[in-house]
Amino acid sequence: VASRCDAMIGDRWNVTDAETARRYPCDELVPNPALELWRGVTVRAAPAQVWPWVGQIRMAPYAYRWIDNLGRRSPRTLQGLPESTVGEPFTTALRGRSCGRILAVTPGEQLTAAIMGTVMCYLLVPADDGRHTRLLLKIVARGRRATTPLLAVGDLIMARRQLLNLAALAEGAQRG
């Protein structure tokens, strides 16, 4: 993990020191990254209610539809997708085009994918005796181009919206 003096603007959002220090599956795939970004959100739903929404990223990005989905709204109900599998496309955006590739998946726990020169890991951590979930996202990349602050800040804006949307949908589904 990079020391705090090596940190850049936008490298962390809503995560603890312990969450940035833990191992993620992407750490095995990119052992010496030039870029490390962490994002997190607490979801007031059990991991089993959050997981299907993470898997549904395959259908749409769940961030800002006018930026990454040409105005098309991400589904607001679960679509009954089969479990994610290694090798399949990671998400669909920009006129329905498949983007990225799933690299690793542990159902109910983590989804790791490569997209646009980065490797992203969504990790579900049970909290409050399993009644809540910490939905964590770590993004890593190789190379000097990956260390630009613009990438970190741009990702922060998009990833924050995505995680908040996924949390709201999982919480709403639990209440419904």
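Residues numbered from 1 in each chain as written. Predicted model: local features only at pLDDT ≥ 70, side-chain atom pairs only at ≥ 80, totals over all residues. Heavy atoms only, no water.

Let's talk about the pairing of strand β8 (residues 132-141)
In step 1: Here β8 lies mainly inside the structure; ten of its ten residues are buried.
In step 2: Relative to β8, strand β2 (residues 35-43) is paired through nine bridges, and the arrangement is antiparallel. Pairing of V41 across the sheet is with L135, part of β8.
In step 3: Between strand β7 (residues 118-127) and β8, which pair antiparallel and follow one another directly, the connecting turn spans four residues, one of which, D128, has a positive phi of 50 degrees. (Buried < 20%, exposed > 50% of the residue type's maximum accessible area, 1.4 Å probe, protein only. Helix = DSSP H or I, 4+ residues; strand = E, 2+ residues; numbered from the N terminus. Pairing = 2+ DSSP bridges.)

Regarding the sheet that holds β8
Neighbouring strands of a sheet are bound in pairs by backbone hydrogen bonds; such pairs are parallel or else antiparallel.
In step 1: Pairing is mixed across the open sheet formed by six strands, whose spatial order is β1-β2-β8-β7-β6-β5. Two strands bound the open sheet, and with one partner strand each, they are β1 (12-13) and β5 (101-106).
In step 2: Its contacts with the sheet put helix α3 (residues 47-55) on β2, β5, β6 (110-115), β7 and β8, and the angle it makes with β7 is roughly 160 degrees. (Contact = heavy atoms within 4.5 Å. Axes fitted to C-alpha atoms, helices over the stretch in contact; angles between N-to-C directions.)

Comments concerning the pairing of β2
In step 1: Most of β2 sits out of view: eight of its nine residues are buried.
In step 2: With two bridges connecting them, β1 and β2 associate as parallel partners. Bridging across to β2, W13 finds its partner in R39.

Some thoughts on the nonpolar core
In step 1: Counting residues in each nonpolar core, the largest one holds 34 residues, and the members touching the most others are V43, V50, V54, F90, Y122 and L135.
In step 2: Of all the secondary structure elements, the ones that give two or more residues to this core are β2, α3, β6, β7, β8 and α5 (149-175).
In step 3: Looking at this core element by element, the count peaks at eight residues for α5.
In step 4: Ignoring anything within four residues of it in the chain, the contact list for V54 reads L111, Y122, L124 and L135.
In step 5: V30, W38, L123 and V140 belong to the second-largest nonpolar core, a separate cluster that totals ten residues. (Core = buried A, V, L, I, M, F, W, Y, C linked by side-chain atoms within 4.5 Å.)

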